[in-house]
Amino acid sequence: DVEARHLGGFDAVVHLAALSNDPLGELSRTLTSAINFEATASLARAAKEAGVGRFVFASSCSMYGAGSEDAVTEEAPLRPLSAYAESKVRSEEALAALADSSFSPVFMRNATAYGVSPRMRVDLVLNNLVAWGYTTGAVKIMSDGTPWRPLVHIEDIARATAAILAAPRDVVHAEAFNVGADAENYQVRDLAEIVRGAVGDCEIQYAGTGDPDPRSYRVDFSKLRRALPELGLRWSARAGAEEILEAYRSIGLTLADFEGHRFVRLKHLKLLLERDELDRELRWRAPVS
């Protein structure tokens, strides 16, 4: 539990912490619920008690699960297909119940992120496809390539966060916003073509079972555009692929690095479990003297 005294003096809280994707969330559904949902609700209650006025929650478009052919709005039914997505749904419900005249939760349903960071993540779809193309000369698709994914650069998520923090209360109070741009909805096979165009001399391979991924959704971002008309999201997947490729070149990414545990949190946690450095609750074990 979080004590309210630690949050005194803050006008707003931006809550980003979570086990960060579907595969990691499935490692322990119980732990995913405890970290992503229960801790979120605890932090929000403490923030409200401390007098924090605005609580911006990093949610996810993954809650839409298996969408229809039409782009889904914030009013669409939520169909979470994973422990991660379920944790986001439950968190939004808990935060909405806290909303009142003095406490404004806001839900940022971010599209699938991509981009460069000091600790790169190669499990994100665009980062992953560029890594395949760069390290092997083949862009590998692990489904039939038809699933839809909305994408958003991490810099644009940051821009949207800043805009929501600065927005008038009546614009964002207890509202959910899909965060991304309508033009940035892609089928995975289209992303592969974008990556091939960036990397150059590589081919596209369908390396999985060929079955469609049940997680497929197109997203409507018009509500964000109407609420924050001055917000200009700047990135496209094409520009992002070029940026990611340059980052891989600059660090000399190898296939061993890409397929290893260095840039995939789930693989690193599994390695620590194998070494008996973590217990089943992913807590550090005391070193044996």
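Everything numeric here is computed off the predicted structure, so don't read it as measured data. (Residues numbered from 1 in each chain as written. Predicted model: local features only at pLDDT ≥ 70, side-chain atom pairs only at ≥ 80, totals over all residues. Heavy atoms only, no water.)

### Focus on unusual backbone geometry
The phi dihedral of Ala 174 falls on the positive side, at around 55°, and the residue is not glycine. As for its placement among the helices and strands, Ala 174 is situated in the loop between helix H6 (169–172) and strand E7 (176–179). For Asp 276, which is not a glycine, the phi torsion comes out positive at approximately 65°. In this fold, Asp 276 is placed in the segment after helix H11 (265–274). (Helix = DSSP H or I, 4+ residues; strand = E, 2+ residues; numbered from the N terminus.)

### Quick word on the pattern of salt bridges
Per the counting criterion, the structure on display carries 10 salt bridges. The partner of Arg 196 in a salt bridge is Glu 193, with the nearest N and O atoms 2.8 Å apart. Within this pair, Arg 196 and its partner Glu 193 are both found in helix H7 (residues 188–199), separated by 3 residues, close to a single helical turn. On the accessibility criterion, Arg 196 (30% relative accessible area) is partly exposed. What makes Glu 193 partly exposed here is its relative accessible area of 41%. Three or more residues are tied together by salt bridges with common partners; here these are Glu 155, Asp 156 and Arg 159. (Salt bridge = Lys/Arg side-chain N within 4 Å of Asp/Glu carboxyl O. Buried < 20%, exposed > 50% of the residue type's maximum accessible area, 1.4 Å probe, protein only.)

### Quick notes on helix H2 (residues 29–49)
At 3.6 residues per turn, the α-helix brings residues three or four places apart onto the same side. The end-to-end C-alpha distance of H2 is 29 Å, a good match for the 30 Å that 21 residues give at a rise of 1.5 Å each. Considering bend angle alone, the principal kink of H2 is centred on Ala 39 and spans about 30°. Those residues of H2 that fall on the buried side of the exposure criterion are Leu 31, Thr 32, Ser 33, Asn 36, Phe 37, Thr 40, Ala 41, Ser 42, Leu 43, Ala 44, Ala 46 and Ala 47. Downstream of H2 by one or two residues, Gly 51 has phi in the positive range, about 90°. (Expected span 1.5 Å × (residues − 1). Bend = angle between axes of the 7 residues up to and from the residue.)

By themselves, these are just geometric observations and shouldn't be taken as functional.
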